[in-house]
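Residue-level structure breakdown
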Number of protein chains: 2
Amino acid sequence: MDMTTDRKPTDRRKQVLEAAARSFAAFGYKATTMDQVAKAAGVGKGTIYTFFANKEELFEQIVRELIAELKVVAERTFDPALPFADNLLRILQQVLAYRDRHGLVVKLSQEVREFGTPMANGGLEAIERSIIAYIAGHVGEAIAKGEVRPSDPALTAYMMLKMYLALTAEGGHLHEPLDAEQVLAHFRFYCLEGLAVD
Amino acid sequence: MDMTTDRKPTDRRKQVLEAAARSFAAFGYKATTMDQVAKAAGVGKGTIYTFFANKEELFEQIVRELIAELKVVAERTFDPALPFADNLLRILQQVLAYRDRHGLVVKLSQEVREFGTPMANGGLEAIERSIIAYIAGHVGEAIAKGEVRPSDPALTAYMMLKMYLALTAEGGHLHEPLDAEQVLAHFRFYCLEGLAVD
DNA sequence: AAAATGACCAAAATAACAAAACGGTCATTT
DNA sequence: AAATGACCGTTTTGTTATTTTGGTCATTTT
């Protein structure tokens, strides 16, 4: 019997997790207090500590759940019938769009920019690492199938994410923003085809 | 007669510039005071304001000088006989190495990380923009000569810088550091040749 | 007369201190 | 046995006093 997924009449653990998820997304890591989470979850503060050793572990669990959601989005987007490049573009687009619309990620990004909260930064890095690891898996498969030239899958996945982000958000004031179509076209150009003449 | 380059027995303007350059490099923008610069330059504080309207203009002049130095390094590295790809790699390597060894850039980077000083950030962005603009010029020429496939030179230069930085510094904890040779090989692979199979 | 200066000022940064809020514990209650 | 909230040492925040800073300008120096 799995004690973590079990639905009791009053599932206090789930209540805590849901209240914490809402609070971290609304106020960020630093401004979320354990008293607040306890009140929102309708449990005593001490109860939280029967499930989670401390605030950090509670937060890490919330981040783990978000990463699992991202994986679901990615798996739903992946189509084995499509060529690697199309899957890559579709997955990057879907996963990053989901990520950027997710309240928790938006709030944590703001918190890192504004206060540099180490925990918030750690959470965002964990999310980024999981995206890279997921892409790296597909890159590895594509290499095995001979769809792309051999390389270190992890490094290639990292470079792809960085390039995609450079074309979309991060560029900021250094180049005028590109619409979705332009981003896809440029990503194909820079990352897949290369600049060299034939 | 050029009053700015003229060498008088006591060239106060130059004294101020040199003292300011040393101070900004040693203490950053915020922690450099005008009293300190005046003392180090051996002039009265009021004298600084006969040459520069305020602290910001003095700082901007120092940054302009650094950018000019970077341009000299780049021009010295550029070899018209070499193919575009080789020049690009050499220039990126030389310019970024010079930049990263320059006390002012190192200190300003630390200041931005630690305090987010807007002026320090603005200075670093000006340096980055000037590097991109310089590379863009060479990209434009390479396109005209048919050495690389057509594209927006400014965007391409921006992407090249981002990729190079992703392979060297910025990667940080997300991939193990690569030595100079590996960086060059990977940069060629990702940026110039592309991932697509022939 | 022109250039240079440093005492001076309002505004901003910092230090010092008091008060409030925080994460985490545990004796007590349910 | 599970849940709780009053409680505790520590950290964070709010407040005020003090210092420092960028910039000016009447005076001095050249």
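Numbering of residues starts from 1 in each chain and follows the order in which that chain's sequence is written. By the order in which they are written, chains take letters starting at A while ligands take numbers starting at 1. Per-residue local features of the predicted model are confined to residues with pLDDT of at least 70, and side-chain atom pairs are confined, for both listing and counting, to 80 or more; whole-chain, interface and lining totals are unaffected and use all residues. Excluded from the side-chain calculations are hydrogens and water; all other atoms, namely the structure's heavy atoms, are used.

1. Looking at the overall build of chain A
Defined as follows: Going along the chain from the N terminus, every DSSP run of H or I of four or more residues is numbered as a helix, and every run of E of two or more is numbered as a strand. Here the term buried applies to any residue with accessible area under 20% of the maximum for its type, exposed to any over 50%, and partly exposed to those in between, with areas from a 1.4 Å probe on protein chains only.
Per the secondary structure count, chain A includes nine helices and zero strands. In chain A, the order of α-helices and β-strands from amino to carboxyl end is α-α-α-α-α-α-α-α-α. Principal-axis analysis of the C-alpha atoms gives chain A an extent of 70 × 45 × 25 Å. Among the 198 residues that make up chain A, the fraction classed as buried is 43%.

2. Describing the protein's contact with DNA strand C
Put simply, the rule is: A cutoff of 4 Å decides nearness: a residue is near a molecule or strand if any of its heavy atoms lies inside that distance of it. Polar contact is the term for a pair of N or O atoms within 3.5 Å; when the atoms are in protein, one must be able to donate a hydrogen and the other to accept it, and sequence-neighboring residues count only if both atoms are side-chain atoms.
Every one of the 14 residues lining DNA strand C counts as a neighbour, but Met34, Lys45 and Lys55 of chain A together with Arg12 and Thr47 of chain B are closest to it. The sugar-phosphate share of atoms of DNA strand C within 4 Å of the protein amounts to 65%. Interatomic distance of 3.2 Å between a backbone N/O atom of Thr32 of chain A and a phosphate oxygen of DNA strand C. For DNA strand C, a phosphate oxygen lies 2.8 Å from a polar atom in the side chain of Arg12 of chain B.

3. Quick word on helix 7 (residues 118–144) of chain B
Selection rule: Multiplying 1.5 Å by the helix residue count minus one yields the expected span of that helix.
Between its first and last C-alpha atoms helix 7 of chain B spans 38 Å; for 27 residues at 1.5 Å apiece the expected length is 39 Å, and the two agree. Count one or two residues on from helix 7 of chain B and you reach Gly146 of chain B, which has phi positive near 75°.

4. Remarks on the interface of chain A and chain B
Rules: The contact rule is simple, with two residues in contact once any of their heavy atoms fall within 4.5 Å. Buried surface area refers to the total accessible area, computed with a probe of radius 1.4 Å, that the two partners give up upon joining, counted for both partners together. Criterion for a salt bridge: a side-chain nitrogen of Lys or Arg within 4 Å of a carboxyl oxygen of Asp or Glu.
The interface is formed by 36 residues belonging to chain A together with 36 residues belonging to chain B. At the boundary of chain A with chain B, total buried surface from both sides reaches about 3,200 Å², with 67% on carbon and sulfur atoms. Linking chain A with chain B are two salt bridges. Counting the contacts that link chain A with chain B gives six residue pairs in polar contact (both at pLDDT 80 or more). Mapped onto the side of chain A that touches chain B, the elements with two or more residues apiece are helix 7 (118–144), helix 8 (153–167) and helix 9 (180–193) of chain A.

5. Here we look at the side chain of Asn87 of chain A
Tracing the chain through its elements places Asn87 of chain A in helix 5 (residues 84–101). Residues contacting Asn87 of chain A, with those up to four places away along its chain left out, are Thr77, Phe78, Asp79 and Leu82 of chain A.

6. Re the state of the cysteines
Formally: In what follows, a disulfide is any cysteine sulfur pair within 2.5 Å.
Scanning the model with the defined rule gives zero disulfides over all chains in all. Cysteine Cys191 of chain A is unpaired, with the sulfur of Cys191 of chain B as its nearest cysteine sulfur at 9.7 Å. Of the residues examined, Cys191 of chain B reaches a relative accessible area of 1% and is grouped as buried.

7. Focus: the packing of helix 5 of chain A against helix 7 of chain A
All names here are of chain A. Formally: Every axis corresponds to a line fitted to the C-alpha atoms, with the helix fit spanning only the stretch in contact, and the corresponding angles, defined between N-to-C directions, vary from 0 to 180 degrees. Should an angle fall under 35 degrees it is taken as roughly parallel, and over 145 as roughly antiparallel, whereas 65 to 115 is taken as roughly perpendicular and any remaining angle as oblique. Residue polarity is assigned by list, with Asp, Glu, Lys and Arg as charged and Ala, Val, Leu, Ile, Met, Phe, Trp, Tyr, Cys and Pro as nonpolar; anything else, Gly included, falls into the polar class.
Contact geometry for helix 5 and helix 7: axes closest at 11 Å, N-to-C directions at 170°. Taken together, the axes of helix 5 and helix 7 are roughly antiparallel relative to one another. Listed contacts from helix 7 to Phe84, Leu88, Ile91, Leu92, Val95, Leu96 and Arg99 of helix 5 are Ile127, Ile131, Tyr134, Ile135, His138, Val139 and Ala142. Its residues assigned to classes, the contact of helix 5 with helix 7 shows 12 nonpolar, one polar and one charged.

8. Describing the protein's contact with DNA strand D
With respect to spatial proximity, 15 residues lie near DNA strand D, and among them Arg12 and Thr47 of chain A together with Met34, Lys45 and Lys55 of chain B are the closest. Of the residues that constitute the surface near DNA strand D, the class distribution is three nonpolar, seven polar and five charged.

9. A word on the confidence of the model for chain A
Short version of the rule: pLDDT is a per-residue confidence score from the predictor, ranging from 0 to 100.
With 92% of its residues at a pLDDT of 70 or more, chain A has an overall mean of 91. Here residues 1–7 of chain A is modelled with pLDDT under 50, and outside its nearest four sequence neighbours on either side it reaches three contacts, counting other chains as well.

10. Focus on the relation of the copies chain A and chain B
So the rule is basically this: When the copies are overlaid, the least-squares fit takes in C-alpha atoms only where the residue has pLDDT of at least 70 in both copies.
Overlay of chain A on chain B (RMSD 0.1 Å): rotation 180°, translation along the axis 0.1 Å. The transformation relating the two chain copies, once decomposed into turn and shift, fits a two-fold axis. Using C-alpha coordinates, one finds that chain A approaches the rotation axis most closely at Gly194 of chain A, a distance of 1.9 Å. When you check the interface residues of chain A against chain B, 97% turn up at the interface there too, and the contact is symmetric in its surfaces.

11. As for the environment of Ala142 of chain B
Residue and element names in this part refer to chain B. Looking at the element boundaries, Ala142 is found in helix 7. Residue classification places Ala142 among the buried residues on the basis of a relative accessible area of 3%. Linking Ala142 and Ala85, residues 57 residues apart in sequence, is a C-alpha distance of 9.2 Å. Those residues within four positions of Ala142 in sequence are excluded, and the remaining contacts are Phe84, Glu147 and Val148.

12. Overview of the side chain of Thr32 of chain B
In this fold, Thr32 of chain B is placed in the loop between helix 1 (12–27) and helix 2 (34–41). Side chain to side chain, Thr32 of chain B and Ser23 of chain B meet in a polar contact 3.1 Å long.

13. Regarding the nonpolar core
Note the threshold: What we call a nonpolar core is a set of buried Ala, Val, Leu, Ile, Met, Phe, Trp, Tyr and Cys residues that are connected through their side-chain atoms within 4.5 Å.
Of all hydrophobic cores here, the largest spans 127 residues; its most connected members are Leu58 and Phe187 of chain A together with Phe187 of chain B. Per-element tally for this core: the top contributor is helix 7 of chain A, with 12 residues. Contact partners of Leu58 of chain A, with chain neighbours within four places excluded, come to Val16, Leu17, Ala20, Phe24, Met34, Val37, Ile48 and Phe52 of chain A.

14. As for the packing of helix 8 (residues 153–167) of chain B against helix 9 (residues 180–193) of chain B
Residues and elements named next belong to chain B. To keep it simple, the criterion reads: Left-handed describes a crossing in which the near helix is turned anticlockwise from the far one by less than a right angle; the clockwise case is right-handed.
The interhelical angle for the contact between helix 8 and helix 9, taken along N-to-C directions, is 140°, at an axis separation of 10 Å. Considering the angle they form, helix 8 stands oblique to helix 9. Here helix 8 and helix 9 pass one another in a crossing that is right-handed. Here helix 8 contributes Met160, Met163, Tyr164 and Leu167 to the contact with helix 9, which in turn contributes Val183, His186, Phe187, Tyr190, Cys191 and Leu192.

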